[in-house]
Amino acid sequence: MDFVPAPRGRSPLAIECRWSAAQFDASALAVFRRKYPEGENFLVAQDVARVLRRRYRQPDVTVTHLEGLIERLQPV
């Protein structure tokens, strides 16, 4: 994982950045989520055209482009 922000009072977010979504390997994310099971998971890649949810064996991952991640992380 590249970033793990932990907003106060909320579960940690796991953010993995890759040039291509095809390069993503969910093994490190699966290990992290065994210790910290709650929280959202993001794969950010430049070749992603639209935001989608995928299941990589165990963890669900939001696959997005940078703009989608920035939009998601904006305070409500």
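Check the entry above for the structure.
Residues numbered from 1 in each chain as written. Predicted model: local features only at pLDDT ≥ 70, side-chain atom pairs only at ≥ 80, totals over all residues. Heavy atoms only, no water.

Undergrad: Describe the overall build of the protein, naming the residues involved and giving the relevant values.
TA: Helix and strand counts for the protein come out as 2 helices and 4 strands. In the protein, the order of α-helices and β-strands from amino to carboxyl end is β-α-β-β-β-α. For 76 residues, the compact-globule estimate of 2.2 N^0.38 gives 11 Å, and the protein sits close to it at 12 Å. C-alpha atoms of the protein, sized along the principal axes, occupy 30 × 30 × 20 Å. Looking at the protein residue by residue over its 76 residues, the buried ones come to 34%. As presented, the protein carries roughly 5400 Å² of accessible surface, and 53% of it is formed by carbon and sulfur atoms. The distance from the centre of the 12 positive side-chain charges to the centre of the 9 negative ones in the protein is 6 Å. (Helix = DSSP H or I, 4+ residues; strand = E, 2+ residues; numbered from the N terminus. Rg over C-alpha atoms; globule rule 2.2 N^0.38 Å. Buried < 20%, exposed > 50% of the residue type's maximum accessible area, 1.4 Å probe, protein only. Areas by Shrake-Rupley, 256 points an atom, 1.4 Å probe, with all protein chains shown as cover. Lys, Arg positive; Asp, Glu negative; His and termini not counted. Charge placed at Lys NZ, Arg CZ, Asp CG, Glu CD.)

Undergrad: I'd like a description of the packing of aromatic side chains, backed by residues and values.
TA: Evaluated as defined, the whole model comprises 1 aromatic pair. Ring geometry for Phe 32 against Tyr 36: centres 5.1 Å apart, planes inclined by 35°, an arrangement best described as tilted. Judged by relative accessible area, which is 40%, Tyr 36 ranks as partly exposed. (Phe/Tyr/Trp six-rings, centres within 6.5 Å; stacked < 30°, edge-to-face > 60°.)

Undergrad: Quick one: what's the story with the environment of Ala 6, residue by residue and with numbers?
TA: Tracing the chain through its elements places Ala 6 in the segment before β1 (14-18). Judged by its relative accessible area of 56%, Ala 6 is exposed. C-alpha separation for the pair Ala 6 and Ala 21, spaced 15 residues apart in sequence, amounts to 24 Å.

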